Amino acid sequence: MPIQLTRGAISAIYNGDVEVKPVVEVVDVKIVSPTQGRYGAMVTDGSETKQALLASQLNELVRSNQLKKGSIVQLLEYTCADVQNRRILMVLKLQVLDLDDKIGNTEMPSKSIPLNQNGSSLNGCATTSSASIQGRNLATKPNSNKPPTFSPTIQPPYKPAPNYKGHGAIMKNDAPARIIPISSLNPYQGRWAIKARVTAKGDLRRYNNAKGDGKVFSFDLLDSDEGEIRVTCFNAQVDRFYDIIEAGKVYMVSKGTLKPAQKDYNHLSNEWEILLDKTSTVDLCTEEDVSIPNQKFNFILISKIEETPNNSIIDLIGIVTAANPSVPILRKNGMETQRRILYLKDMSGRSVELTLWGEFCNREGQDLQVAIDSGAFPVVAVKAAKVSDFSGKSVGTVSSTQLFINPDLPETRNLREWFNNGGKETAATSISSDNNMNTLAINEVRKNVSQIKDERLGMGDKPDWVTVKGMISFVKTDTFCYTACPSIIGERNCNKKVKKSSSGNWICERCEKEFKECEYRYLLQVQVQDHTGTTWVTAFQESGEEILGLPAKDLHIIKNEDMDEVRFAEIIKRCLFQQFLFKLKIKEEHHGEEHKVKVTVIKAERVDPSAESQYLLELISRVSG
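Because the structure is a prediction, the values reported are computed rather than measured.

Caption draft 1: Representation of the packing of aromatic side chains in the model. Tallied over the full model, the rule gives ten aromatic pairs. Measuring from centroid to centroid gives 6.2 Å for tyrosine 207 and phenylalanine 234, while their planes differ by 85°, and the two rings are edge-to-face. Remark: phenylalanine 234 occurs in strand β11 (residues 228-234) and tyrosine 207 occurs in strand β9 (residues 205-209); sequence separation between them is 27 residues. By relative accessible area, which is 36% here, phenylalanine 234 ends up partly exposed. Put simply, the rings of Phe217, Phe219 and Tyr242 touch in pairs and so form one group of aromatic residues. The ring centre of phenylalanine 360 lies 5.3 Å from the NZ or CZ of arginine 363, which sits over that ring.

This is the structure:
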């Protein structure tokens, strides 16, 4: 039978009818948002042509050329929204119909509105003739006995609803909003509802800005189609929803504003996030829904962390081989917190440090410590850990992180089987630093001095770690060290610069304490050169001692207390024009509008002729094949 376009349906849809499932023709398809990959279309019902915006889940139909200019489609799910003072049809779900049957009753409107190149506005009018349909071979072949292949049920041409004028007030539609997948949410929908499980609940945070004090919290949702989205509540909505939201429970969430996701704080793979408002509802589903997973992981191997950019959010699973005690740490803002370091390994042959912060140390961290002390090696899965590249690669917890000990997952069973069948004794190379990049050699990259500038090292998003063989040609001796705070915070020295007070004591602004004695730490500025050029580098305490051969305090006494300039000059002279292997960290720093590449010596080793000869022989062997 012929396929009928549903004449009058577009007008009905624009007037609020969402029950009709019309058949329309696609007059044009063009991309409207290259950055988001969104497509727009011009559709006609045979009597009227309007612009439509296609939901992102329909992109594949366009890319695979199934949905194109001239396609006949049935609109299954859609809505209308006002965008920039214009009414736009939002198509959420459609079916492309077969073209083996011809279209009946297809008088095209005398005028149709063309889709702008960027799809953002409707400019001008153009006449569209019925040739757009007649030019396509839509008729059944004359001598063919092939039965029609069109299967969907097509409703007859649209008939307007009865006129209720004079029959009393029209009641508001109080029917519950239909449940849609999270992946179908977009800002152009009116009434919607999602049914999803809370996979993470953030802490309640307070803030202060130009508008005054406020509070905020967020939680993450996961539905049965494994779609994820973050929900955020401010102020009055915090009072409404904070106490009723519980991780692991299933809720029905309806009404709210969809806003672009803030990717600096939101790691979920969804371009939108929900902001709840006074019209929003969140209802607990009392019956468990087994179709909704408890959690969604995207695990990566530890070896892949080496290639992961700094500050990335990842999911990780591994065997805990060791755990350090929890220690107090003083943050830069003066607040004290707890820190505990775990050591994880997996089947990739690599191990990594996992740093727990705050309450993680006393909750999951304490449980893991007890398990390790009892001889067990638990599996821990980490959801939303943050990658750090300070002195190697490591991962740490953030406010949205979740830890799962021995979770019931296929990855857990695979790891346990590997560990019990030889993985426990298998050596794993650490990608983290145990002590100032002593493990850097596993990733050693040799460069010469000129390559630092020529290859624009340090100019990317993360530092470059390289090894340079060179000599020290000059040492600045006017300020070779600084006075440092001697107090110990946790397992580390404060090392903040201290100043002398009128009382003769040393004052640390960070610790807010006074000391009779201070520490002296190296802050060496030295010029390094090789056969290609020279560069300035900074060497701090440990690398400064490796270069000069004595502590900074001893050299300070020789120069400033004993006033022995001859001996001081001899010590400086001893390090000049001696070959070193400098392990360098290179990173661009920004100070206001000034940009400067800083080169820091992480380790300085005098060249061992035997080891260097072996390295050169291996290099020659690789080059020669």
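Text resumes after the structure shown.
Caption draft 2: How the structure looks around the layout of surface pockets. Approximately 1,300 Å³ is the volume attributed to the second largest pocket. Lining the second largest pocket are 47 residues, with Arg205, Arg230, Tyr265, Ser399 and Ser400 positioned closest to its centre. Examining the composition of the lining of the second largest pocket, we find that five residues originate from one element, strand β10 (residues 212-222), more than from any other. Classifying every residue of the lining of the second largest pocket gives 17 nonpolar, 15 polar and 15 charged.

Caption draft 3: Quick peek at helix α8 (residues 410-423). Here α8 spans only 17 Å end to end across 14 residues, well under the 20 Å set by a 1.5 Å rise per residue. Where α8 is concerned, the buried positions are Thr412, Leu415, Phe419 and Gly423. Axial view of α8: buried residues confined to an arc of 90°, hence all on one face. Residues of α8 that are exposed and point over 90 degrees away from its buried face: Asn420 and Asn421.

Caption draft 4: Representation of empty space enclosed by the protein. A complete count under the given rule lists one cavity of 30 Å³ or more for this structure. Lining the largest cavity, in full, are Val26, Ala41, Val43, Leu54, Leu67, Val73, Leu75, Val91 and Leu94. Counting residues per element, the ones that place at least two in the lining of the largest cavity are β3 (38-44), β5 (72-83) and β6 (86-96). Here the residues of the lining of the largest cavity sort into nine nonpolar, no polar and no charged.

What counts as what
Residues numbered from 1 in each chain as written. Predicted model: local features only at pLDDT ≥ 70, side-chain atom pairs only at ≥ 80, totals over all residues. Heavy atoms only, no water. Phe/Tyr/Trp six-rings, centres within 6.5 Å; stacked < 30°, edge-to-face > 60°. Helix = DSSP H or I, 4+ residues; strand = E, 2+ residues; numbered from the N terminus. Buried < 20%, exposed > 50% of the residue type's maximum accessible area, 1.4 Å probe, protein only. Lys NZ or Arg CZ within 6 Å of the ring centre and 35° of its normal. 1 Å grid on protein atoms, 1.4 Å probe; cavity = no way out; pocket = protein on both sides within 12 Å on 5 of 7 lines; lining within 4 Å. Points joined across faces, edges and corners; volume = space filled by probe spheres on them. Nonpolar A, V, L, I, M, F, W, Y, C, P; charged D, E, K, R; others polar. Expected span 1.5 Å × (residues − 1). Arc of directions from axis to C-beta.

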